[in-house]
Amino acid sequence: MKKHLKHQIFSIISEEADKLGQDCYVIGGFVRDIILKRNSKDIDVVTLGSGIDLAKTVANHIGPKTPVSIFKNFGTAMLKYKGLEIEFVGARKESYEKNSRKPHVEDGTLEDDQKRRDFTINALAICLNNKRFGEMVDPFDGVTDLKKRIIRTPLDPVITFSDDPLRMMRAIRFSTQLNFIIEEKTLAAISSNKDRIKIVSKERIMDELNKIILSDKPSKGFKLLDKTGLLEIIFPELFAMKGREEIDGIGHKDNFLHTLEVLDRIVPNTDNLWLRWSALLHDIAKPKTKRFVPKQGWTFHAHNFVGAKMIPGLFRQMKLPLNEKMKYVQKMVSLHMRPIVLSEEEVTDSAVRRLLFEAGDDIDDLMTLCEADITSKNTDKVKRYMKNFQLVREKLKDLEERDHIRNFQPPVTGEEIMEVFGLSPSREVGILKSAIKDAILDGEIRNDYDEAFAFLKKKAAELGLKPLSNQSE
Ligand code: ATP
Ligand code: MG
């Protein structure tokens, strides 16, 4: 392992630990990622003795002004060095109480410390002291599990998960991120402990869920969440999308599986977490809006709008941000069918202009979402859609260059309309304003002040309005 510890920081820590006479190891995710050849910038160092003292002497060695963040309550200290974040902690032993995932902590041996770690692959330690520099300490066969790509807890999984139920989310997250298999007993223990997830904060759960969503194949994680029974507890709205129903021999697709397919399909085209969330939520109102209409089949009328309305409540419940990110997801959900409808019907300039006007700068993301949403098993249909879609894209580009509709503001404002016709805020002002907007979007007039003003005068006359005399020119 020596060759992986060439970074200067390791020899500094080694020297300082020896001076203090403390055994010292690099442990956890960093060691795992060396073997997996993944890049990681967080280094956890565990020492037999005070982690804070070791951090201070290391900082001093680097330079007298090197800042150290000390968390006295946790007995940990952190410092940054050449792009790395290094956390120091004394080896500890943990015991848990039933209603909290915060353990009672006391000093312990290295093995005590490794036992309290979530998975064998996260419990590996490499010694940093000079005499044993680079020596791997692996009491639970973590290296073998890494080679076999297995997630397994060091101790009895039932106890491990009951002690800290967040570990269930972490198991599924690592399995998804690293494409590992969760060992059978470990998986069974997640199912039997699923209700314990209720003592974990929503924020923590969402951190893990976001990591699943940002992985290369999020469907794997969601299927595991479902299989273990966690999905129903942490995300009942998604759980409600499961299954197919059939009436008079007519079925509909399983909206849960469809959603996962859309999410997987969008992955290669975007790293934007919120676009991926939009894929996950685009059909979220399908269970709510589902109807069987005789002779017509299954309908999900207005599921895009109902879905958009559900987003703020969902985000609040899940402790996701209630800011422009949420608004963006709402917009994506509400518009997600528009480009498809366009490519089914004739792709007119006016329809494309309207789409561009409503989507604004998010138009490209919307197109990415829609493309991922085309998942039919009927390959002819998919081909036809994709071809029409290309047409929509070309038209969008063409119209954008010609008309600059994206984010456009009508050239004549409401204030100006009121001023010219001596109106107070009223229905008429609204009618005139949207008439101008529609005329531009329909291509009747150009997106230009003079044309819009002339059009305004004509429209106002139809309503029996006359410009005030001093503004008649
Ligand atoms: P990543 O940084 O990619 O999320 P990681 O394994 O480094 O993965 P961290 O959350 O940074 O995860 O934790 C560092 C180490 O601390 C882990 O490798 C593991 O040994 C231990 N650990 C973290 N959370 C828990 C937990 N809930 N229960 C037990 N051990 C944990
Ligand atoms: Mg880490």
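Residues numbered from 1 in each chain as written. Chains lettered and ligands numbered in written order. Predicted model: local features only at pLDDT ≥ 70, side-chain atom pairs only at ≥ 80, totals over all residues. Heavy atoms only, no water.

### Some points on the site of ligand 1
Here is the rule we go by: Residues are counted as near a molecule or strand when any one of their heavy atoms sits within 4 Å of it. As used in this structure description, the phrase polar contact means that two N or O atoms lie within 3.5 Å; if the pair is within protein, one of them must be able to donate a hydrogen and the other to accept it, and residues adjacent in sequence are counted only when both atoms belong to side chains. In DSSP terms, a helix is any run of H or I states spanning at least four residues, a strand is any run of E spanning at least two, and both are numbered starting from the N terminus.
Looking at ligand 1, there are 14 residues lining it, with Gly29, Arg32, Asn122, Asp164 and Arg167 nearest. One of the backbone nitrogen or oxygen atoms of Gly29 is found 3.0 Å away from an oxygen atom of ligand 1. At 3.0 Å, a side-chain N or O of Arg173 approaches an oxygen atom of ligand 1. Of the residues forming the shell around ligand 1, the biggest block, four residues, is contributed by helix 7 (residues 166-178).

### Considering the domain arrangement of the chain
Stated precisely, the cut-off is as follows: For each domain, the first and last residues come from an automatic or database assignment.
Along its sequence, the chain is carved into domain 1 (2-141) and domain 2 (414-471). For domain 1 versus domain 2, the distance between C-alpha centres works out to 70 Å.

### Concerning the packing of helix 7 against helix 9 (residues 202-213)
The test is simple: Between the N-to-C directions of two axes lies an angle of 0 to 180 degrees, each axis being a line fitted to C-alpha atoms and, for a helix, fitted only over the stretch in contact. Oblique is the label for any angle not under 35 degrees, not over 145, and not in the 65 to 115 range, which are roughly parallel, roughly antiparallel and roughly perpendicular in turn. Residue contacts follow a heavy-atom distance rule, with two residues in contact if any of their heavy atoms lie within 4.5 Å. The residue classification treats Ala, Val, Leu, Ile, Met, Phe, Trp, Tyr, Cys and Pro as nonpolar and Asp, Glu, Lys and Arg as charged. All others, Gly included, are polar.
The interhelical angle for the contact between helix 7 and helix 9, taken along N-to-C directions, is 10°, at an axis separation of 9 Å. In terms of orientation, helix 7 lies roughly parallel with respect to helix 9. In this structure, helix 7 uses Leu166, Met169, Arg170, Ile172, Arg173, Thr176 and Gln177 to contact helix 9, whose residues at the interface are Arg204, Ile205, Glu208, Leu209, Lys211 and Ile212. Tallied by class, the residues present in the contact of helix 7 with helix 9 amount to six nonpolar, two polar and five charged.

### Some remarks on the nonpolar core
Across soluble globular proteins, nonpolar side chains have a tendency to be buried as a group. Test applied: For this analysis, a nonpolar core means a set of buried residues of the types Ala, Val, Leu, Ile, Met, Phe, Trp, Tyr and Cys, connected via side-chain atoms within 4.5 Å. Relative accessible area decides the class of each residue, using a 1.4 Å probe on protein chains only: under 20% of the type maximum gives buried, over 50% gives exposed, and in between gives partly exposed.
The biggest cluster of nonpolar side chains holds 130 residues, and the ones touching the most others in it are Phe222, Phe235 and Trp277. Excluding anything up to four places from it in sequence, Trp277 contacts Met206, Leu209, Asn210, Ile213, Phe235, Met318, Leu320 and Val329. Val46, Ala91, Leu110 and Cys127 belong to the second-largest nonpolar core, a separate cluster that totals nine residues.

### A closer look at the sheet that holds strand 1 (residues 24-27)
For the record, the criterion: Any two strands are treated as partners once DSSP identifies two or more bridges connecting them.
Here we have seven strands laid out as an open sheet, ordered 3-4-5-2-1-8-9, and mixed in their pairing. Edge strands, defined here as strands with exactly one partner in the open sheet, are strand 3 (69-71) and strand 9 (136-137). Where strand 1 and strand 8 (residues 125-127) come together, three bridges link them in antiparallel fashion. Within strand 8, the residue paired with Ile27 across the bridge is Ala125. In the packing of helix 3 (residues 51-62) onto the sheet, contacts are made with strand 1, strand 2 (42-47), strand 3, strand 4 (76-81) and strand 5 (84-90), and the angle to strand 4 comes to roughly 20°.

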